[in-house]
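# Observations on chain architecture
If you want the building blocks of each chain, they are given just below.
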Amino acid sequence: MKLLQSMYKTQSVSRFINLILISSSVCIIYLLVSVFLLGTSNPTHVFSSQHDGYIPPTTLEHIVFGIASNKNSWPKRKDYVKLWWKPQQMRGCVFLESLPTADAEANSNNSSSSLPPVCISEDTSRFRYTYRGGLRSAIRVARVVLETVALNHSDVRWYVFGDDDTVFFPENLVKTLSKYDHGLWYYIGSNSEIFEQNRYFSFGMAFGGAGFAISSPLAKVLAKVFDSCIERYPHLYGSDSRVYSCLAELGVGLTREPGFHQYDVRGNVFGLLTSHPTTPLVSIHHLDHMDPIFPNMTTIKALERLFEAAKIDTGRLLQQTVCYDRWFSWTISVSWGYAVQVYGKHMHLPDILPVQETFKQWKKGKVLAAAYNFNTRVIHPDPCQRPTIFYLDSASSGRDGIRTHYKKLYQNCTNNMGSPRKLEEIRVLSQKLDLNIKQLMAPRRHCCDVLPSSAGQVMEIAIRECKDEELIHMHP
């Protein structure tokens, strides 16, 4: 009996030891696998080259703005800044040479609480300016870069600069900058639309009116050497040329982002807005030189209409989608949040993408003044031979997605049963476009379908992601 008890105890101890050994082995294997996966995985969250840990995504709070203005233009142009400035989330300054006069301020209806604070620029009289016919204020405006860094804000990843007539789309700006490692040296912006402007000032320069961004570590170094650098460039015309030259001396080139828009054109920019590249809309410039972007509105009211759509789906704003009505052989181009064009014939996609020349050239006379950095197409001289245009009327978001309604621009043209001019309204259904970093780096145009409609004067369209092997063309 004692022998049996002894054997039973021995077996129990042995089983207990085996259990411990098995448990320990499982734990060790789990730890080894975890370490291996951490070492080989490709995490989606952001890491900076200057840090060894997890870095939260970039937000508006990580950006500091430097806006160049002057005492004469600020009272008139602050309405533009008010459209996009978010005082609870944004930091920065509007730089003036001195405070506006009391009369100018009295004629302005804006509350300072909805605008960035005003900073008075430092004296620049010690710097030479020798460009004949230019404005020496270019030196003061160039030094906005230095003085914005000198504000000494904390936790800054990007410094963004623009003019008082630059309208930014903040969420798209954040998305665009999020593609880049803010711990590295980056100078991000875009060129002019005009070949001659780029040839004269440099294809490597970010045009200041379009806005440009400098990563924090680069901006801090630039600020330290900026004054000594610009002393070598009294002969340059503008502020952005001085910034570009000093960055070039630091060995940093321009990273181009086509969502920044200088818009060196005049008049009707419909053609540019409806042919926006497949990248987020970041900025619009030269608003005083263009017509209101919506008919029968003031410039400010028209921009407010565009921002109504931006509040609902800023990432899809102006993104162009093309689809076809097989029954009538119509071609439909949707520039989301702005306008829909319906062509009364079948057009191949590559024939639609070039920019319609609805605008006037920036400078008259020179042949190269009408040479652009993108493909263009001439609009038909007869308005009745052009596509039927429908402008954004309203935008709303609900459980089934986002709905935008577009109303026809009236033209005194004859209609027939096969003409798109019989339509009065177009309704577009879409889902919020929230692209991740990989999708932003490799963008793809979306597809759309013409839906069955119960009303003869209404067309309904649904925007969606294209299938893997789907081609955008008219199916037989």
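Here we summarise the structure given alongside this text. (Residues numbered from 1 in each chain as written. Predicted model: local features only at pLDDT ≥ 70, side-chain atom pairs only at ≥ 80, totals over all residues. Heavy atoms only, no water.)

## Some details on helix H9 (residues 239-249)
Just so we agree on the cut-off: Exposure categories follow from relative accessible area, calculated using a 1.4 Å probe and restricted to protein chains: below 20% of the type maximum is buried, above 50% is exposed, and the middle band is partly exposed. Secondary structure elements are taken from DSSP: a helix is a run of H or I of four residues or more, a strand is a run of E of two residues or more, and numbering for both begins at the N terminus.
Where burial is concerned, most of H9 is hidden: eight out of the 11 residues are buried. Phi turns positive, to about 85°, at Gly251, one or two residues after H9.

## Things to note about the sheet that holds strand S7 (residues 212-215)
Which entries qualify depends on this criterion: In this description, strands pair whenever DSSP reports at least two bridges between them. Only heavy atoms enter the contact rule, under which two residues are in contact if any of them lie within 4.5 Å. To get an axis, fit a line to the C-alpha atoms, keeping to the stretch in contact for a helix; angles then go from 0 to 180 degrees between the N-to-C directions.
The strand order S3-S2-S1-S4-S7-S6-S8 describes an open sheet built from seven strands, whose pairing is mixed. Only two strands of the sheet have a single partner each, and these edge strands are strand S3 (118-120) and strand S8 (255-256). Strands in contact with helix H2 (residues 74-84) are strand S1 (63-68), strand S2 (91-96) and S3; relative to S1, the strand with the most contacts, it is inclined by about 155°.

## Some thoughts on unusual backbone geometry
Even without being glycine, Asn152 reaches a positive phi, approximately 60°. In this model, Ser329 sits at a positive phi of 60°, which is unusual for a non-glycine residue. Mapping Ser329 onto the fold places it in the loop between strand S11 (320-325) and strand S12 (330-335). The class for Ser329 is partly exposed, based on a relative accessible area of 31%.

## Quick notes on the packing of H2 against helix H11 (residues 299-313)
The cut-off we apply is this: For classification purposes, angles smaller than 35 degrees are called roughly parallel, those larger than 145 roughly antiparallel, those between 65 and 115 roughly perpendicular, and all remaining angles oblique. Throughout this entry, Asp, Glu, Lys and Arg are counted as charged residues, while Ala, Val, Leu, Ile, Met, Phe, Trp, Tyr, Cys and Pro are counted as nonpolar. The remaining residues, Gly among them, count as polar.
In the contact formed by H2 and H11, the axes pass within 11 Å of each other and the chain directions differ by 10°. Regarding the angle of H2 to H11, the classification is roughly parallel. Mapping the contact onto sequence places Asp79, Tyr80, Leu83 and Trp84 in H2 and Thr299, Ile300, Leu303, Glu304 and Phe307 in H11. Looking at side-chain class alone, the contact of H2 with H11 contains six nonpolar, one polar and two charged residues.

## Some words on the state of the cysteines
Each disulfide consists of one covalent bond between the sulfur atoms belonging to two cysteines. Our working rule: A pair of sulfur atoms, both from cysteines and within 2.5 Å, is called a disulfide here.
Tallying each qualifying case throughout the model produces five disulfides. What pairs with Cys229 in a disulfide is Cys246, and their sulfur atoms sit 2.1 Å apart. Across the S-S bond of Cys229 and Cys246 the torsion is about -110°, and the bridge reads as left-handed. Separated by 17 residues along the polypeptide, Cys229 in helix H8 (residues 216-230) and Cys246 in helix H9 bring together distant segments of the chain. On the basis of relative accessible area, Cys229 is assigned to the buried category, the value being 3%. In this model, Cys447 is linked to Cys466 through a disulfide, with the two sulfur atoms separated by 1.9 Å. Judged by the torsion about the S-S bond (105°), the Cys447/Cys466 disulfide is right-handed. Of this pair, Cys447 sits in strand S20 (residues 447-451) while Cys466 sits in the segment after strand S21 (458-464); the two residues are 19 residues apart in sequence, bridging distant segments of the chain. Judged by relative accessible area, Cys466 falls into the buried class, the value being 11%.

## Here we look at a nonpolar patch on the surface
Stated precisely, the cut-off is as follows: Patch members must show over 30% relative accessible area and no salt bridge, and they are joined within 9 Å when carrying like charges or within 5 Å when they are nonpolar side chains of Val, Leu, Ile, Met, Phe, Trp or Tyr. Accessible areas in this description were obtained via Shrake-Rupley with a 1.4 Å probe; residue shielding takes into account the shown protein chains only. The rule for a salt bridge is simple: a side-chain nitrogen of Lys or Arg has to be within 4 Å of a carboxyl oxygen of Asp or Glu.
A cluster of nonpolar side chains, contributed by Leu99, Val118 and Ile120, occupies part of the molecular surface with about 260 Å² of accessible area. With respect to the secondary-structure elements, Ile120 resides in strand S3.

## Structural notes on the sheet that holds S20
To summarise the sheet geometry, strands pair through backbone hydrogen bonds and adopt either a parallel or an antiparallel arrangement. Pairing in this open sheet of eight strands is mixed, and the strands run S11-S12-S13-S17-S18-S19-S21-S20 from one edge to the other. Each edge of the open sheet is held by one strand with a lone partner, namely S11 and S20. Taking the axes of each pair of neighbouring strands and ignoring which way they run, one obtains an average angle of 25° across the sheet. Pairing between S11 and S12: six bridges, direction antiparallel. What sits directly across from Gln320, in S12, is Ser335. Strands in contact with H11 are strand S17 (388-398) and strand S18 (401-408); relative to S17, the strand with the most contacts, it is inclined by about 45°.

## A closer look at the pattern of salt bridges
Any two side chains of opposite charge can pair, given that their charged atoms come close. All told, the structure shown has 22 salt bridges when counted by the stated rule. A salt bridge links Asp227 to Arg126, with the shortest nitrogen-to-oxygen separation between them at 3.2 Å. With a gap of 101 residues between them, Asp227 in helix H8 and Arg126 in the loop between S3 and helix H4 (137-142) connect regions that are remote in the sequence. Among the salt bridges present, the one from Arg316 reaches Asp313, with a minimum N-O distance of 3.4 Å. For Arg316, a relative accessible area of 4% puts it in the buried group.

## Looking at the nonpolar core
Note the threshold: Buried Ala, Val, Leu, Ile, Met, Phe, Trp, Tyr and Cys residues that are joined via side-chain atoms within 4.5 Å together make up what is termed a nonpolar core.
Among the nonpolar cores identified, the biggest contains 75 residues, and Trp84, Ile293 and Tyr338 are the most heavily contacted of them. Here this core takes seven residues from H11, the largest share from any one element. If we skip the residues at most four places from it in the chain, Trp84 touches Phe65, Ile67, Met90, Thr166, Val167, Phe168, Pro170 and Phe307. Ranked by size, the runner-up nonpolar core spans 38 residues in total, among them Phe95, Tyr129, Val145 and Cys246.

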